[in-house]
Amino acid sequence: MSASDEAFAADCEAADALTDDDPSAFHLKSRTMRHRDWARADEDRHKLRGRWADYFTEHDILITPAAPTAAVDDQTSVPSHQRYITVDGKRRSFFDQTSWINLAGPVGLPSIVLPAGSTSTGLPLAIQIIGPYLSDRALIAAAQQLARILPTPATPPAFTA
């Protein structure tokens, strides 16, 4: 993410003031981490990519939920580090919604999200398909096969301006 020097300095100050258990700490501290911490994390990322390569020697794809919950209320008017989700009646960081998607992105694995029905109240649900590094075409073929057996996505109501 890009930010002006002033905005980045303010984010650094805010991150330093947060305790690690604060719901917004992980996101803000990640955005403002020091280079040495980033280099260590990058090394860990490369090791993790190797572990995924091992996994995919025995499995063609991995299917996961796309997110831990169905769709959530719109919070675009709330600063990103203050957004939240509610799970089992407890408030959690909004960024917990990215837990399943974060399996693929940081290590460069291709992934596809497919609609997979809806909750009893009509909220959309989805699955994620993850494939080995550089297997984009095989992953697309798998998604096409799965799409044939998944529920047809609901058509959203028309938006009015």
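The structure this text deals with has already been given above.
First things first, this report covers the structure right here in the doc. Predicted model only: the values in this text are computed from it and were never measured.

Attention now moves to the sheet that holds strand β5 (residues 124-130). Strand order in the open sheet formed by 3 strands is β1-β5-β4, and the pairing between neighbours is antiparallel. Across the chains shown, the open sheet's two edge strands, defined by having one partner strand only, are β1 (62-65) and β4 (111-118). Recorded for the sheet is a direction-independent mean angle of 30 degrees between the axes of neighbouring strands. Relative to β5, β4 is paired through 6 bridges, and the arrangement is antiparallel. Across the sheet, the residue bridging to Ile112 is Ile129, located in β5. Along the sheet, helix α4 (residues 136-147) contacts β1, β4 and β5; its crossing angle with β4, the most-contacted strand, is approximately 10 degrees.

The full count for this structure, using the stated rule, is 4 aromatic pairs. Centroid distance Trp52 to Tyr55: 5.6 Å. Interplanar angle 80 degrees. Geometry classified as edge-to-face. Of this pair, Trp52 and Tyr55 both sit in helix α3 (residues 35-55), 3 residues apart, roughly one helical turn. Looking at Trp52, the relative accessible area reads 11%, which means it is buried.

Attention now goes to helix α1 (residues 5-17). With 13 residues, α1 should cover 18 Å at 1.5 Å per step; its first-to-last C-alpha distance of 18 Å lies within 8% of that length. Within α1, the full set of buried residues consists of Asp11, Cys12 and Ala15. Seen end-on, α1 carries its buried residues on one side only, within an arc spanning 100 degrees. Projecting away from the buried face of α1 at angles above 90 degrees are the exposed residues Glu6, Glu13 and Ala17. Looking at the packing, one finds that the buried side of α1 touches α2 (25-31).

Definitions and cut-offs
Residues numbered from 1 in each chain as written. Predicted model: local features only at pLDDT ≥ 70, side-chain atom pairs only at ≥ 80, totals over all residues. Heavy atoms only, no water. Pairing = 2+ DSSP bridges. Helix = DSSP H or I, 4+ residues; strand = E, 2+ residues; numbered from the N terminus. Axes fitted to C-alpha atoms, helices over the stretch in contact; angles between N-to-C directions. Contact = heavy atoms within 4.5 Å. Phe/Tyr/Trp six-rings, centres within 6.5 Å; stacked < 30°, edge-to-face > 60°. Buried < 20%, exposed > 50% of the residue type's maximum accessible area, 1.4 Å probe, protein only. Expected span 1.5 Å × (residues − 1). Arc of directions from axis to C-beta.

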